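Below, each chain spelled out in residue letters.
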Amino acid sequence: GQCRYMEAPLSYSTIEDLQLLSWDNAPKYCVQLSFPGGTVLLQAANSYLRDQWFHSIQWKKKIYKYRKVLNNPSRWDVVLKEIRALVDMALTSPLQDESIHQAPLHIISTLLAENTNLSAQDHENIIVAIAPLLENNHPPPDLCEFFCKHCRERPRSMVVIEVFTPVVQRILKHNMDFGKCPRLRLFTQEYILALNELNAGMEVVKKFIHSMHGPTGQCPHPRVLPNLVAVCLAAIYSCYEEFINSRDNSPSLKEIRNGCQQQSERKPPMPLRLLRPEPPTPPPTTTLSPPPALPLSPPPSIVNSSEILVELERNNNTTNTLRKAPAEGVSEPNLIDCLLVSPALNALSIQLPAHADRVLGCFALILKMLSDYDDWRPALASLLQPIPFPKEELKYVIQRFAEDPRQEVHSCLLSVRSGKDGWFQLYSPGGVACDDDGELFASMVHILMGSCYKTKKFLLSLAENKLGPCMLLALRGNQTMVEILCLMLEYNIIENKDTQLQIISTLESTQVGLRMYEQLCDRQRELKELQRKGGPTRLTLPSKSTDADLARLLSSGSFGNLENLSLAFTNVTSACAEQLIKLPSLKQLNLWSTQFGDAGLRLLSEHLACLQVLNLCETPVTDAGLLSLSSMKSLCSLNMNSTKLTADTYEDLKAKLPNLKEVDVRYTEAW
């Protein structure tokens, strides 16, 4: 910086003295600068401009001096004195400009960055010294970094409560876009985690959140909620990101997504092995950083547990689970899209270190608190798209949305954009986040039906997307779901006759269902006509059904006409073979990815002589059971993909089954 308009520029650092001229006959509006070689007079057009020049040059001169002194500090007691003087100068300067406060903050953050060996006490003294400057200014990025470090290393120091609290409150009230200054968000996150480290940690965090909302029913600051949600989501996301990026022997998310899309054209299932690390290697335990979209199924004791389980819905009808991928050029796919796209990714176990567990626990609890404020709930419901979570806190939040009578709140449970799952879908049985056999889902349906969704449209969407889960819950006697199935019959929502018959069988298999169904038949005589003339020809059990569910369904009436039964992705075992052998007309049986084993196969081979198509892909069957199939002469299609089949058994079966046309032995020894 120099004064211009002279032959040789003069630098600020050479100015020895600077004063306003004030003797009687002095030229008007002048500033006098003294240099080693003489003086210079600057004349301004008016007193205002002259004062601006005077203060600006004085400011510039001092800033150069402080920068020099603090750039190469020799004694720390002197440095602290200089910092206090610098802050004082910034606060008392009559100049109105952002840089008046920012320049000292930058000088101090440079000083901190270059002197990493400072003691904790020095750090605290410096932070206390610059606190007044932060009252009306966000800290610059480097300083945020230093503050973060302090929160991590000394969460219990008084500085955190006394100096950082007003700074964070200011950030939450006034920040417009964390995207432009991600370190402000990181600092807010670390500050909250530091509060959580205190003896009454969560109580302190609760008080802080309450202070941000304010004592009245309405929070006066519109930016606080979106900023808090952004901080929570970023913190939660940070627990998973590194994990996802660190699975070196698994494909990247992009590959998974692209791979799965090409795969939808091919019929045969893609074996699990391709999309997982080699079976014996568990995924690396790394700390993780949150795609705002991966719902998880951890064990209930989540906050202390170190492992979170992601259950992924699988479906043999691949196209159902494929989501439309965004057009090229859209940013990285978010996690839930990638995981849900793959019909073959079944369960993925994520190891989280204890630190990540604490982070999750703390920020999930904050979201839980946010959902308790009535005025915040509508915005929270729209901001909180499905994301990864410790379950119990999240369930609480979703329940709050569901119970809220305002439509703008509870309608957020349904999918927000077409093709994207909402909470409603994720918590349905077989959905990614469901770990309670669909209780939360049933209560959501109950609430939505009771408010403004008792319409044909809602029933139609349930019939199209969630018929399986509804039937499974009705089979287990859930009253809401029994009502829903009765309404579907009453409003003629279901056109397929087999499906109608399956619904009737489901209703007749429990007492509550039978009672409601009979009342419905009394209202609508013609439903009686549908009554079994031998029952349905096709039946598909909802994913997650058990042996007991199958037994309950098959005991409800006659299934003499049943030719095609799919139990794919259910939880049935060999025990259900005793039910299956009661189906004399059965020609096609799909057991893909069930726990059906050798004992069941032996029973089937003795009784189901008509069976033509059998899918055993990804079941635990071995040679011992597969050999017994040689008596089933009608078999023309057999899928043994990803089983323990050996080459010898395969040759034996080919020789003994003359009608076998289609065989799938990929990912077996016989491949």
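Everything discussed here concerns the structure shown above.
Below is a short write-up of the structure.

The rules we used
- Throughout this document, residue positions are counted from 1 along each chain, in the order its sequence is written.
- Only residues with pLDDT of at least 70 are given local features in this predicted model, and only at 80 or more are side-chain atom pairs given and counted; all residues enter the totals for whole chains, interfaces and linings.
- The basis for every side-chain value is the complete set of heavy atoms in the structure, and neither hydrogens nor water enter the calculation.
- The numbering of helices and of strands both runs from the N terminus, where a helix is a DSSP run of H or I of at least 4 residues and a strand a run of E of at least 2.
- Think of it in three bands: with a 1.4 Å probe and only protein chains considered, a residue is buried below 20% of the maximum accessible area for its type, exposed above 50%, and partly exposed in between.
- Areas reported here follow the Shrake-Rupley algorithm with a probe of radius 1.4 Å; residue values treat only the protein chains shown as occluding.
- DSSP calls a pair of strands paired once it identifies at least 2 bridges connecting them.
- Fitted lines through C-alpha atoms give the axes, limited to the stretch in contact for helices. The angle between two N-to-C directions lies from 0 to 180 degrees.
- Here, residues are in contact when the closest pair of their heavy atoms is within 4.5 Å.
- Residues enter a patch when their relative accessible area is above 30% and they make no salt bridge; the linking distance is 9 Å between like charges and 5 Å between nonpolar side chains (Val, Leu, Ile, Met, Phe, Trp, Tyr).
- By convention in these notes, a salt bridge is any Lys or Arg side-chain nitrogen within 4 Å of a carboxyl oxygen on Asp or Glu.

**What about the overall build of the protein?**
When you go through the protein residue by residue, the secondary structure sums to 30 helices and 13 strands. Residues classed as buried in the protein amount to 52% of the 671 residues present. Carbon and sulfur atoms provide 50% of the accessible area of the protein, an area that totals close to 30,800 Å².

**Considerations on the sheet that holds strand β5 (residues 38-43)**
What the three strands build is an open sheet, ordered β3-β4-β5; its pairing is antiparallel. Two strands close off the open sheet at either side, each with one partner strand: β3 (17-20) and β5. Ignoring which end each strand starts from, the neighbouring axes of this sheet average 20° apart. In this fold helix α1 (residues 47-71) packs onto β3, β4 (30-35) and β5, with an angle of close to 160° to the strand it touches most, β3.

**Details of the pairing of β4**
Of all six residues in β4, six are buried; the element is thus mostly enclosed. With four bridges connecting them, β3 and β4 associate as antiparallel partners. Paired with Leu-18 across the strands is Leu-33, a residue of β4. Note: β4 against β5, six bridges, orientation antiparallel. Within β5, the position partnered with Ser-34 by the bridge is Thr-39.

**Section: unusual backbone geometry**
If you check the backbone angles, Tyr-29 has positive phi at about 50° while not being a glycine. The topology assignment puts Tyr-29 in the loop between β3 and β4. Phi is positive for Lys-544, close to 75°, though the residue is something other than glycine. By the secondary structure assignment, Lys-544 is in the loop between β8 (538-540) and α26 (547-554).

**Some points on a nonpolar patch on the surface**
A cluster of nonpolar residues, Tyr-48, Leu-49 and Trp-53, forms a patch on the protein surface that exposes about 300 Å² of accessible area. What makes Trp-53 partly exposed here is its relative accessible area of 31%.

**Side note on the sheet that holds strand β9 (residues 564-566)**
Read from one edge to the other, the open sheet built from six strands follows the order β8-β9-β10-β11-β12-β13, with strand pairing classed as parallel. Looking along the sheet, the strands with just one partner apiece sit at the ends: β8 and β13 (662-664). Averaged over all pairs of adjacent strands, the angle between their axes in this sheet comes to 5°, without regard to strand direction. In this sheet, strand β10 (residues 588-590) lies alongside β9 in parallel orientation, the contact comprising three bridges. By the bridge assignment for β10, Leu-565 is matched with Leu-589.

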